[in-house]
Amino acid sequence: MAQAHVLGLPRIGARCELKFAVEAFWRGDTDLATLQAAGRDIRAANRRAQREAGLDWITVGDFHWYDQVLSTLALVGALPERFGAAPAALTLADYFAAARGDARHGAMEMTKWFDTNYHYLVPEYSPRTRFGAGTQWLFEEVEEALNEARNVKPVLLGPLSLLFLGKEKGGLADRFSLLPELLAQYERVLARLKAQGVAWVQIDEPILALDLPAPWRDAFAPVYARLAPVAPALLLATYFGDVSEHVAMLAALPVAGVHVDGVRAPAQLETFAAQWPHDKVLSAGVVDGRNVWRCDLARARARLAPLAETLGERLWVASSCSLMHCPVDLANEVRLDREVRTWLAFARQKLDEVALLRRSLDAAEFAGAEVCAAFAADAAAQAARRTSPRIHNEVVQKRLAALTEADTHRASPYAVRAHAQRAWLKLPLLPTTTIGSFPQTPEIRAARAEFKRCAMSHLDYLETMRAQIRLAIEKQEAYGLDVLVHGEAERNDMVEYFGDLLWGFAITEHGWVQSYGSRCVKPPVIYGDVYLPEPMTVTWSAYAQQLTDKPVKGMLSGPVTMLQWSFVRDDQPRELTALQIALALREEVAALEAAGVRVIQIDEPALREGLPLRECDRAAYLEWAVRAFRVCASGVADDTQIHTHMCYSEFHDILPSIAALDADVISIETARSDMELLGAFEAFEYPNEIGPGVYDIHSPRVPTQAQMEQLIEAALARIPAQRLWINPDCGLKTRDWAQVDGALANMVAAARAVRSRLAAAQARAA
Ligand code: GLN
Ligand code: ZN
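What counts and how
- Residues numbered from 1 in each chain as written.
- Chains lettered and ligands numbered in written order.
- Predicted model: local features only at pLDDT ≥ 70, side-chain atom pairs only at ≥ 80, totals over all residues.
- Heavy atoms only, no water.
- Donors = N, O, S within 2.8 Å, 3.2 Å for Na, K, Ca; no water.
- Helix = DSSP H or I, 4+ residues; strand = E, 2+ residues; numbered from the N terminus.
- Buried < 20%, exposed > 50% of the residue type's maximum accessible area, 1.4 Å probe, protein only.
- UniProt positions renumbered as here; feature names shortened; annotations may be inferred.
- Contact = heavy atoms within 4.5 Å.

### Focus on the coordination of the zinc ion (ligand 2)
Here is step 1 of the chain: On the protein side, the zinc ion (ligand 2) has H645 (NE2), C647 (SG) and C730 (SG) as donor atoms, found 2.1 to 2.3 Å from it.
Here is step 2 of the chain: Considered as a linear motif, the donors of the zinc ion (ligand 2) on their single chain read H-x1-C-x82-C. Here the residue H645 occupies a position in strand β20 (residues 641-646), and C730 occupies one in the loop between α27 (705-716) and α28 (737-765), the gap between them amounting to 85 residues. Side by side, H645 and C730 carry an identical accessibility label, which is buried.

### A short note on the UniProt feature "binding site: Zn(2+) 1" (unreviewed entry) in the protein chain
Here is step 1 of the chain: Here, the residues flagged by UniProt with the feature "binding site: Zn(2+) 1" (unreviewed entry) are H645, C647, E669 and C730. On the basis of their most widely separated C-alpha atoms, the annotated residues across 86 residues gather in one place, lying no more than 8.4 Å apart.
Here is step 2 of the chain: With respect to the element layout, C647 can be found in the loop between β20 and α25 (655-660).
Here is step 3 of the chain: Setting aside residues no more than four positions away along its own chain, C647 makes contact with P605, E669, D729 and C730.
Here is step 4 of the chain: Its location among the elements puts E669 in the loop between β21 (665-668) and α26 (680-683).
Here is step 5 of the chain: Beyond its immediate stretch of four places on either side in the chain, E669 contacts M646, C647, Y648, H698 and D729.

### Section: the environment of E405
Here is step 1 of the chain: Mapped onto the elements of the fold, E405 is located in the loop between α16 (394-402) and α17 (414-425).
Here is step 2 of the chain: A relative accessible area of 54% means that E405 is categorised as exposed.

### Digging into the UniProt feature "binding site: Zn(2+)" (unreviewed entry) in the protein chain
Here is step 1 of the chain: Under the UniProt annotation, the feature "binding site: Zn(2+)" (unreviewed entry) is placed at H645, C647, E669 and C730.
Here is step 2 of the chain: Given a relative accessible area of 2%, H645 falls into the buried group.
Here is step 3 of the chain: In this view, H645 contacts I435, Q601, I602, D603, E604, P605, S667, D729 and C730; residues no more than four positions away in its chain are not counted.
Here is step 4 of the chain: With residues near it in sequence (within four places) discarded, C730 still touches I435, H645, C647 and I697.

What follows is the structure in C-alpha cells.
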C-alpha cells in the first residue's frame, strides 16, 4: 500500500499567529517564553492536522521563526560571521538580528525563493566562514513530535542547495570549496536524527529544477554517498520543475527515495516510474502546493494508479512542494462566494486530498462508501467549475477573439508621440514626478477600515479620501513638481484594490501566505474571465485633475504584476489570463483618457520576477508579458503619455524587453544601488524617456539636494537630458509626510539646479 505525506506546511498559523507573536517579541511587548509557546502551539496544530487527515508521515522541521535557509545556517553554525554570534549558543535574538539587521550590521540580503513570492535570506560565504555545531532547535522539535508518535519525518534543506543558494563574499573564490566542511555538519545532524529514532528524513534539493552547472550536478553522487551511510533513510525532494534530465543520476544515488513535482511537470512521473530501481521509494507530488484549486481527484488517481501498479508500497503520494505557499485553511473563509469556495482547497484541505488519494489506490477502499462519496463530491465540483457562468464570460471571449496585431501597437512611433506630447504638456527639461502613492497615514487606514466594516457611510468615506487628494495636490504644487498624482489614498494594496473591482477575481479574508519573515500577503484568487464592469480609478483621478492646472498622472497596476501577485487559474495558460487582465485595463486606460487624464502610468514591478526558472522558457514568457502590457497601453492617442514603473529587481538582463513595452516614460528603481543599473545602458541604449530613481524611499533618511544632484549628474552621463525624468525609486506610501516634504522639496531643487547648469552650458556653447 502506498504511503501519504506532504513536503511541509505553512508555519504562520491559521490566523497569522506567528506574525503577531514574533512582532510583539521584537517590540519588547512579550518575553521569550510567550514567543516559544506560540511556536509550540503552531507546531502542535500542524502535527494534529496531519494526524487527523490520516497521513502516514508527520512532517516536522518545517517550522522556522523567520526563514528555512536562515534556520539551516543556524543549525550548521554558519550564520554570517559579521554578526559575531556564538554558533552553538545562538539565541533567537541573534537569529532575528541576522535576519533584520541590528544597530551595527545591515540585515542579510533577501531574495526570491525560486519562482515563488517567498523571500529567503541569502547565505554569505567568505574565506572566514566556518561550520560547526549550531542550534538544537531541529532536534528539540523532532523530540517534541516523537513524544506523540513514531512516524515523524523531519525535513532539512540539503547541503548542495544551501551552498548553491548563497553568495560569495569577502574575496572567497568559490563557495563550492566549502562543501567538505559543510558535509561534516550534515553528517553530524543526520546521525543525531538517526540516534533520536527517526526513520526517514526528507532532504530538499530544489536546485535540481534549475539550469544547474555541471560541477554542482556531479557533486550529488559523492555528497550522498557520504551522507547516506550515517543517515536515516533519505527522501531527496525536488520541486518547482522538471528534473527528468537527472533521472539516471537520481536513480543511482544511495538515497532511499526521491520526490518529484507532478504538478509542474506531470510527464516526469512516468519517466521516473519506468526506470525506477526496485529498492527505492518514488514520491509523486500530485496535489498542487503552489495554488489554491482543489485537486481533481479522478485525474490525479488516474495518474497515480499505473505508478502504484509498478511501485506498490514504494509509491508515496504527496503534495507537489511544501504547502507553505498556499493559505492555511479554507474553513476560515465565511464571506467568500459560496460557489467559488467549492472549487478551492487550502493547505488543511490539501492534507485530506493527499490522504484520500492514497486510500483510493487500494481497491477495497476505492470501492468503499467513504472514498466513493468523496470522489463523487469532487467530480461534481470539478464539473460545476468547468461549466460555471461565473467563469465563462462571452463578452470577454469575443473581445479576445477580436484582438488584432494592431491593438498591440501605438498609432505612431515614440518620436512622433513625444512631439505631440511635448506640445501640450510643455514640461521643462528634466521633468519631476513621483511614482504614485503618498503616505498611508493612520487616519487613512482607519477610514478605510471603518468603511469596510460599514461603520462609515459611503459619502463620508468619499469626502475623507477627497480631502486626502486635495492635500496631496496642494503639497505637490508647493513642492513644485511638474507631473502630479492623486496619491492612492483609497488603495490598500496595488493588486487587491483592482481585484476587488474586477469580475473574475475573488478576495479572501484570511488567505495569507508568508512573503518573508513576519510579512504575509493575501493574494487574490483569479477564478474566471476577467471583466471590467465599470471604471475603477476615473473618479479619483479625474477629481484630482480638476484641482490643478498641472497634469495629473492616472495610476494602474499592470497585467503581469496582477497575475504574478495572485493565485491564478489552472484551467487556462497564464498568458491567456494576463491577456484578459490587459483587455480590462485597456478599457480603464481609455476611460481615463476620455475623462481628460492624459498621462497614465501602468505599474509593472513584477515583470522581472515572473521570469521562468529555466533559460529555455524565458523568451516565450517575455514575449507574452510584453504583449499583455502593450495591449493595455496601445489604445490611446499619440499625445496621451503612457508611463510604466519597475522596482524590486535587477533589470540588466531584460532591458530589451523593457524597451519593447514601448512606454513613453519609465521610472525605475536605481537610487538604492547608486545608479548601478546605468552601467547596463552602456551596452543598451534605452530608446524612450526614463526616470532612474534619485530618492531611496526604502530608507527613512531624507536625501539632500546635493546627493540627488549627484545622482542626476550620473544619470546625465548616460541618458540625454531630453529624455531624462527626475523621480523617487518607488511609491511613498510607507514614508511619513515630514520625510516626504523634505525629500521632494530637495528633489525639485536638485532638478532645478541641474536644469540651470544645463541652460548655462547651452548658453555658453551658443
Ligand atoms: N504606484 C505604486 C505606488 O506608488 C507603485 C507600487 C510599486 O511599485 N510596488 O505605490
Ligand atoms: Zn515601485
